[in-house]
Amino acid sequence: MAQPIDILLVEDDPADAELTLRALSRSGLEPTVEHAPDAEEALDALERRGLRPRLVLLDLKLPGMSGLDLLRRLRSADGTRTLPVVVFTSSAEPRDLTGSYGAGANAYAQKPVNFDDFGETLRRVCQFWLAVNRAPEPPA
Amino acid sequence: MTDRFNLILIAALAAAGLLVLGLLLRSELTRRRDREREARRVDRQLRSLTGALRESVVAYDLDLRLQFVNPAFTAVTGYATDELRERNFIDYIHPEDHAAVTAGREKLARGGDPVDQEYRIIRKDGQERWVSSTWQMMRDDDGNPVGYLGTELDITEKKRGQSRLRDDAELFQAVMQVQQAVAEAGLDSQTVMRVIAERALALTGATGAVVEMLQGDELVPRVAVGVEAPAQTSAHRLRSGLSASAVRTGEMQRTDDAAADPRIDRRIVEHDGMHSIVVVPLKAEGRILGVLRVVAPGAGAFRDRDARALELLAGMMGSAVSHAAAFEGRQSRLEDRTRALQESEQRFKHLVDAAQEGIWVVDDRGLTTYANQRMADLLGHGHGELTGRPIFEFVEPAARPDLQRLVAAGTGELRAPRDVRFRRRDGGELWATVATNPIVGREGEFVGTVAMVSDITERKRAEDRLRRTAERLRALHELDQAVLAADSPAAVGAAALTHLRGLVPCHRCTVVLYDFAAGEAELVAGVAANAPIPGGRIPLSEFSPAATLRRGAVRQVADITALPDRPPMIDRIAADGVRALLSVPLLVEGEAIGELNIGAATANGLTPEHREIALEVATPLATAIQQARLRAEVARHTVELERRVEERTAELREANAELEAFSYSVSHDLRAPIRHLGGFAQLLLEDHGGELGARARHYAERIRAGAREMAALVDDLLSLARVSRQDLVRRRTDLDALVADLRTEFAPETEKRGIEWQVEPLPAVNADPALMRVAVGNLLANAVKFTAPRERAQIRVYPVESDGQTGLAVADNGVGFGMAHAGRLFGVFERLHRPEEFEGTGVGLAIVQRIVQKHGGRVWAEAEPDRGATFYLTVGSGAAD
C-alpha cells in the first residue's frame, strides 16, 4: 500500500499546476499533493499503485483521456466510487458544470483569473473536502 | 465576436427572407394585375362581340347591379349606360310584367335552366316595346353563380303583326260566315242583310247597325240590329249628314266624335248619344243601293281595321242585295243565283289571294280544302297542290301536336297563335305563326278550320342566332374564368379544350406549344373522341417551317384527305378520323408560341362561326399559357432561392456552432494564460518583492493590472455572447423586487458613499428575469459608477411607458456625457470616458442593448455633460398579467 497522501492533482498545464501547488502551500492547509499531468498517470497511481488520496482535484481539459472520462471511470470502479473528486477548471460553460455533476463530481469550481481569488477558492474547497474525508488514523 | 457573427447571420437570413417575400409578392401582384387586365380584356371582348348585335345584351351581378350593356340595349331603352346604372333592374320593365320577370329571375337563382320570356319594356320616352328575352346564370369555374346575363330582342313589330293576323283571321271568319249565310239564304235579301249587320256588330263592337236602302231620295231602314234610336229607324230624307255624304260620294264616311263633327246634326247626337259612327255605302255594279250604318256611344270606338271590315261586309252585302233585288224583280233564275255565288266566291278568292299571309282552310279531319297562292309559295308548292292533302304532312313531326290543337274541333273563340315549323318542299324549314279559327256549320257544328299563316323564319333565325350568341358569350366567359384559374400550361390547355368542346365540333382538338430552341412541339392538352390524348413531343419539322410557325397564320382545311402532299402530322390526324381541320396560332406579343388545333369528323364541318370562336378562344388561351409559364418560372426561382437560403442557413448554423466551440475555448484557454500572467506577477511581487528594484516592482505591477483588465474583458465578452445565444424565457418579472435586490448588491459601496436612492413603484413586465437582472444591474452599476465624483450622489428609478411598452428609467446626477456621442453608447468596447477616470470594459451597455433587443424592447439615454444621465429601458410585450 502506497503512502497515504491528501490530494491528487490531475492537471496538464504546468503553469496551472505550479500556481495550484504554490497556492495550496500558502493556504495554511499544508496538504501532501501528488501531481499527475494526465488521466493515464492518474489511473496508474490510483489503480496500479492503489493510491488513495483524500481528495482528487481534476482538470477537465486533458490530453488524451478527458477529465470527464476519467471521472466516469473512477465512479465505475469499486475502489474509487466514493473518492471525493472536485472538478477545478477554467471553464464556466453550463454544459461542463452539468456534465461534471452528471459524471459524479462532488464539487465544481472555476479557476479564478485573479491569483488571490484563485488561492482563496482552492483553500475553501480543499479545507472542506479534507475535513469530510479524514485521513485514516495511523495504526497504533 | 460570436455577437458579430450572429448579426451577420441575422442580416443574411433577413435579406434572403425579404427577397423570397418580394418574389412571392411580386408574383401575387402580377397575378392580380393580370386578372384585372384580363377582366378589362373580357369586358372589351364582350363589348366588341356584342357591339354589332341587333339584340340587346345586359349583365347584372347577383345583387342586380348593372355590369354591362351593349349599344343595342341603350338604343332600345333610350337610357344612357350611366342612367341605367342608377335605376333598378325592374324599373324598365312594364309594371304588368314585373311579377313574371321576377319569377323568372328567382327560378334562375334557384339553379333553373335559362329562362325564355316575352315582356314589355318602357323606354325612357315612355314608349312601350315588346321584347323576347333569354336570361341565364353566369357562373365562375367552380359553378358558383356570379350574375345574370340577358339578351333581348325587340319584337314589337312582330307583336303588332300577330295582332293584325288575329284581326285578319276574325275578319276572315266573318267573311266565311257571310258567304255561308248568303249561300243558305239564297236570295232572301232581308236575311242576308240581317246576317251581315249582325256580323258587323260582332266584329266592330258597335252597339247598333242599320241597313238603309235608297228609295228615291229617301233612305228607308230595312234591318236594324242592336240598340238603335227610333228616329234612325224611320225613313228620312237625304239632306245632310254622313249617310247623305256616303250616298253622294260612294265612299265610306266616318266620325270618331259626332258631337264635334260639323257634318252631323247636333240634335240627333244629343238625342241618341252615339258619338262614333261609320257609314258605308252598299254598291252593286257601280250603283249605290243604300248604306250600312254602325254606331257606338263612346267617342273613338272604332279602329281602322273595323272600318276595313265594314267595307268588306258592305261590298258583299251590296252584291247579295243587288242579286236578290234582281231576283225579286224578275222572278228567280237559276243562273242568276249561280252567278251571284260565283261572283261572291270570286271576290273571296280575290281577297285571299292578294293576302300577305298564307290562308289555309282545312276540313274537320285536317284535309286541305283550300290554300291561297301565298301559302303555296311559302311552302314551295304549286297552287292547288295542297288541296286534299292533310295539313300535318307539311309540318315537322315535332310540331304536329301543336298544329293538332290549332285545327282541333271546337266552336269557341280564336285560338292563341302558335309558332309552327313547316317543312318546305325543298326540305328547308319554314317557321310561321299560325292563327286559326273554327268554321261552324248551320247547326253550330264544327266543319273545319281557317288558318292564317305568317312567315317568321327570319325572326326565328334571328332568335336562334341570339341564343347561340348568348351561349357563346357565356361559354367564352366560363372559359376565361377556367383558363385564368389554371396554373400550368397543361391545365390551361385542358380547361380551354373542355369549354371549347361545347362550342365547336371537337373530334380531335389539341393545344400545342412550340419549343423552337429544341426544334420540337409539345402537346400540352388534347382530346380525341371524348378521351384525353396523352401529351408528348413532336419534331417541329412535321409542322411548317419554324419561320412560318413563328409568324402564326390561321390555317383551315375543309377536307384534309383532299390535300395533295400531306405532312406526316396531317396523315396521323386523318387516321384519327379528322376531315376538316382548323389551326389557330396562339399569339403573344405578335409571336406564335403554339397553336390551337380543331379537327372535325366531317369534311366542311367547320363553319366561319367556328373559326370566329376559335380566334376568340385563342387570345385568352395564349395569354393564360404565357402567364402560367411565367408563374412556373417564378415558382422555380422561388424554390431555388429557398434551397439556397436553406444551404446558407445550414452553413451559418455550422459557423455558429464553431463559434460556440470557439467561445468555449476562449473561456477555457484564453483565461489560463491571463491567470498565469497575473498569478506569477503576483508571486514575483509577494515572494521576491524585496529582491526587486522599484522599477522592476512597477513593471510586475503593470503585468498584474494588465492581466486583471484582460480577464474582465474576456469575462464581459463571454457574457455578451452568452446573452446573444441564450433562449428567452419570459415570465412575470417584478421590477420592484429586482431593483430592491440589486440595490443590496451595491450596498457596501453605496452606503459608504451615502448615495441617495429614490425608487418609485415599478411595474411588473413579461420578460426573462435572469436577463433583466443583468440589464437593469448594468444600468444601476453605471449610475453608481458615474456618480462617484459627486458629494451628494442621487439615483432615481421610476416607471416609464413608451409606444405601448413599459419599463423603467434610471436617472443620476453623475458626470453625464454629450449627446453628440450618444450613438456610440451601446457599441461594443465603446467608452465615453477615459479608463483612468472610470473602470469598465465598454461592453456593459452593449449587453444591455442586446438583452432589450431580444425582448423586442428599446433602450435609450438622455444626458448632458456634468449634468447627469438618464437611461430608459422598455420591454416588448408590455406588462405581465
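Refer to the structure presented above.
Read on for a plain summary of the structure. (Residues numbered from 1 in each chain as written. Chains lettered and ligands numbered in written order. Predicted model: local features only at pLDDT ≥ 70, side-chain atom pairs only at ≥ 80, totals over all residues. Heavy atoms only, no water.)

Quick word on the overall build of chain B
Of regular secondary structure, chain B possesses 22 helices and 30 strands. In chain B, once contacts between residues fewer than 6 apart in sequence are set aside, the share between residues at least 24 apart is 59%. Surface exposure of chain B reaches about 42,900 Å², of which carbon and sulfur atoms provide 51%. (Helix = DSSP H or I, 4+ residues; strand = E, 2+ residues; numbered from the N terminus. Contact = heavy atoms within 4.5 Å. Areas by Shrake-Rupley, 256 points an atom, 1.4 Å probe, with all protein chains shown as cover.)

Brief notes about helix α4 (residues 94-103) of chain A
All names here are of chain A. Every buried residue of α4 is listed here: Asp-96, Ser-100 and Ala-103. Along the axis of α4, the buried residues cluster in a sector spanning 75°; they form a single face. Away from its buried face by more than 90 degrees, α4 exposes Thr-98 and Gly-102. (Buried < 20%, exposed > 50% of the residue type's maximum accessible area, 1.4 Å probe, protein only. Arc of directions from axis to C-beta.)

Brief notes about the pairing of strand β14 (residues 418-423) of chain B
Residue and element names in this part refer to chain B. Summarising the sheet, β14 and strand β15 (residues 429-440) pair through six bridges and their orientation is antiparallel. Among the inter-strand pairings, Arg-418 is bridged to a residue of β15, identified as Val-434. Once β14 ends, the chain turns through five residues before running back antiparallel as β15, passing Gly-427 with a positive phi of about 90°. (Pairing = 2+ DSSP bridges.)

With respect to the layout of surface pockets
Residue and element names in this part refer to chain B. In this structure, the largest pocket encloses a volume near 1,400 Å³. Together, 46 residues line the largest pocket, and Lys-785, Arg-831, Glu-839, Gly-840 and Thr-841 are the ones closest to its centre. Where the lining of the largest pocket is concerned, the elements lending two or more residues are α19 (694-725), α20 (735-753), α21 (769-786), α22 (844-854) and β30 (869-875). For the lining of the largest pocket, the residue count by class is 22 nonpolar, 12 polar and 12 charged. (1 Å grid on protein atoms, 1.4 Å probe; cavity = no way out; pocket = protein on both sides within 12 Å on 5 of 7 lines; lining within 4 Å. Points joined across faces, edges and corners; volume = space filled by probe spheres on them. Nonpolar A, V, L, I, M, F, W, Y, C, P; charged D, E, K, R; others polar.)

Details of empty space enclosed by the protein
The probe, sized like a water molecule, is rolled over the atoms to show the empty space still left. All names here are of chain B. With the rule as written, the count across this model stands at seven cavities of 30 Å³ or more. Estimates place the volume of the second largest cavity at around 80 Å³. Surrounding the second largest cavity, Tyr-60, Leu-64, Phe-89, Val-101, Gly-104, Arg-105, Leu-108, Val-115, Gln-117, Trp-135 and Tyr-148 form its lining. Sorting the residues of the lining of the second largest cavity by element identifies α4 (98-109) and β3 (115-122) as the ones contributing at least two each. Here the lining of the second largest cavity gets four residues from one element, more than from any other, and that element is α4. Split into classes, the residues belonging to the lining of the second largest cavity amount to eight nonpolar, two polar and one charged.

Some words on the interface of chain A and chain B
Listed per partner, the contact involves 24 residues of chain A and 19 residues of chain B. When chain A packs against chain B, close to 2,000 Å² is buried across both sides, 50% of that on carbon and sulfur atoms. Run the count over chain A and chain B and you get four salt bridges. Between Arg26(A) and Glu686(B) there is a salt bridge; the shortest N-O distance is 2.5 Å. One can count eight residue pairs in polar contact (both at pLDDT 80 or more) joining chain A with chain B. Every element with two or more residues in the side of chain A that touches chain B is listed here: α1 (14-25), α4 and α5 (115-132) of chain A. It is α1(A) that provides the largest number of residues to the side of chain A that touches chain B, a total of five residues. (Buried area = accessible area lost by both parts, 1.4 Å probe. Salt bridge = Lys/Arg side-chain N within 4 Å of Asp/Glu carboxyl O. Polar contact = N/O pair within 3.5 Å; in protein donor to acceptor, adjacent residues only side chain to side chain.)

Considerations on the packing of helix α3 (residues 67-76) of chain A against α4(A)
Residue and element names in this part refer to chain A. Between α3 and α4, the shortest axis-to-axis distance is 9 Å and the interhelical angle comes to 20°. One element, α3, and the other, α4, form an angle in the roughly parallel class. In terms of crossing hand, the pair formed by α3 and α4 is right-handed. Facing Leu-68, Leu-71, Arg-72 and Arg-75 of α3, the residues of α4 in contact are Gly-99, Ser-100 and Ala-103. For the contact of α3 with α4, the per-class residue count stands at three nonpolar, two polar and two charged. (Axes fitted to C-alpha atoms, helices over the stretch in contact; angles between N-to-C directions. Parallel < 35°, antiparallel > 145°, perpendicular 65-115°, else oblique. Left-handed = near helix turned anticlockwise from the far one by under 90°.)

Some details on the environment of Pro763(B)
Residues and elements named next belong to chain B. Turning to its location among the elements, Pro-763 is positioned in the loop between β25 (756-759) and β26 (764-767). C-alpha separation for the pair Pro-763 and Gly-807, spaced 44 residues apart in sequence, amounts to 7.1 Å. Residues in contact with Pro-763, not counting those within four places in the same chain, are Thr-733, Asp-734, Leu-735, Asp-736, Pro-799, Thr-806 and Gly-807.

A word on the side chain of His855(B)
Residues and elements named next belong to chain B. Looking at the secondary structure, you find His-855 in the loop between α22 and β29 (858-863). A distance of 2.9 Å separates the side chain of His-855 from the backbone oxygen of Ile-851, its partner in a polar contact. Once residues within four sequence positions are removed from consideration, His-855 is found in contact with Leu-728, Arg-730, Asn-766, Ala-767, Asp-768, Leu-771, Met-772, Val-875 and Gly-876.

Overview of the state of the cysteines
Residue and element names in this part refer to chain B. Under the counting rule described, the total for this entry stands at one disulfide over all chains. The disulfide that involves Cys-506 links it to Cys-509, with 2.0 Å between the sulfurs. Taking the sign of the S-S torsion, -115° for the link of Cys-506 and Cys-509, the bridge is left-handed. For the pair formed by Cys-506 and Cys-509, the shared burial category is buried. (Disulfide = S-S within 2.5 Å.)

Side note on the sheet that holds strand β27 (residues 794-802) of chain B
All names here are of chain B. Sheet architecture is open: five strands sit in the order β25-β27-β28-β30-β29, paired in mixed fashion. Bordering the open sheet on either side are β25 and β29, each of which pairs with just one other strand. Taken over all neighbouring pairs, the strand axes of this sheet differ in orientation by 20° on average, direction set aside. In this structure, β27 lies alongside strand β28 (residues 805-812), joined through eight bridges in antiparallel fashion. Within β28, the position partnered with Ile-795 by the bridge is Asp-812. Each of β25, β27 and β28 is contacted by α20, which is oriented at about 175° to β25, the strand it contacts most.

Some words on the nonpolar core
Residue and element names in this part refer to chain B. Core analysis: the largest hydrophobic core is formed by 42 residues, its most contacted members being Met-772, Leu-780, Val-797 and Phe-871. Of all the elements, α21 adds the most residues to this core, at eight residues. Once you skip the residues sitting within four places of it in the chain, Phe-871 turns out to touch Leu-779, Leu-808, Ala-809, Val-810, Phe-817, Leu-825, Phe-826, Leu-845, Trp-860 and Ala-861. If you look at the next biggest cluster of nonpolar residues, it comprises 37 residues, including Leu-479, Ala-496, Leu-503 and Ala-624. (Core = buried A, V, L, I, M, F, W, Y, C linked by side-chain atoms within 4.5 Å.)

Re unusual backbone geometry
Residues and elements named next belong to chain B. Unlike most non-glycine residues, Leu-64 shows phi in positive territory, near 60°. Position of Leu-64 relative to the elements: it lies in the loop between β1 (56-61) and β2 (66-69). Its identity as a non-glycine residue notwithstanding, Glu-589 has a phi of 50°, on the positive side. Tracing the backbone through its elements, the reader meets Glu-589 in the loop between β22 (580-588) and β23 (591-600).

What to know about the pattern of salt bridges
All names here are of chain B. The final tally for this structure, using the stated rule, is 54 salt bridges over all chains. Arg-643 is the partner of Glu-640 in a salt bridge, and the nearest nitrogen-oxygen pair spans 3.0 Å. One end of the pair is Glu-640 and the other is Arg-643, both in helix α18 (residues 608-688) and three residues apart, which spans about a single turn. On the basis of relative accessible area, Arg-643 is assigned to the partly exposed category, the value being 41%. Close ionic contact of Arg-643 with Glu-647 constitutes a salt bridge, the shortest N to O distance being 2.5 Å. Pair noted here: Arg-643 and Glu-647 are both in helix α18, with a separation of four residues, about one helical turn.

Topic: the environment of Leu282(B)
Residue and element names in this part refer to chain B. Among the structural elements, Leu-282 can be located in strand β10 (residues 276-284). Exposure remark for Leu-282: the relative accessible area of 1% places this residue in the buried category. Excluding anything up to four places from it in sequence, Leu-282 contacts Val-211, Met-213, Arg-287, Ile-288, Leu-289, Gly-290, Val-291, Leu-292, Ala-314, Met-317 and Gly-318.

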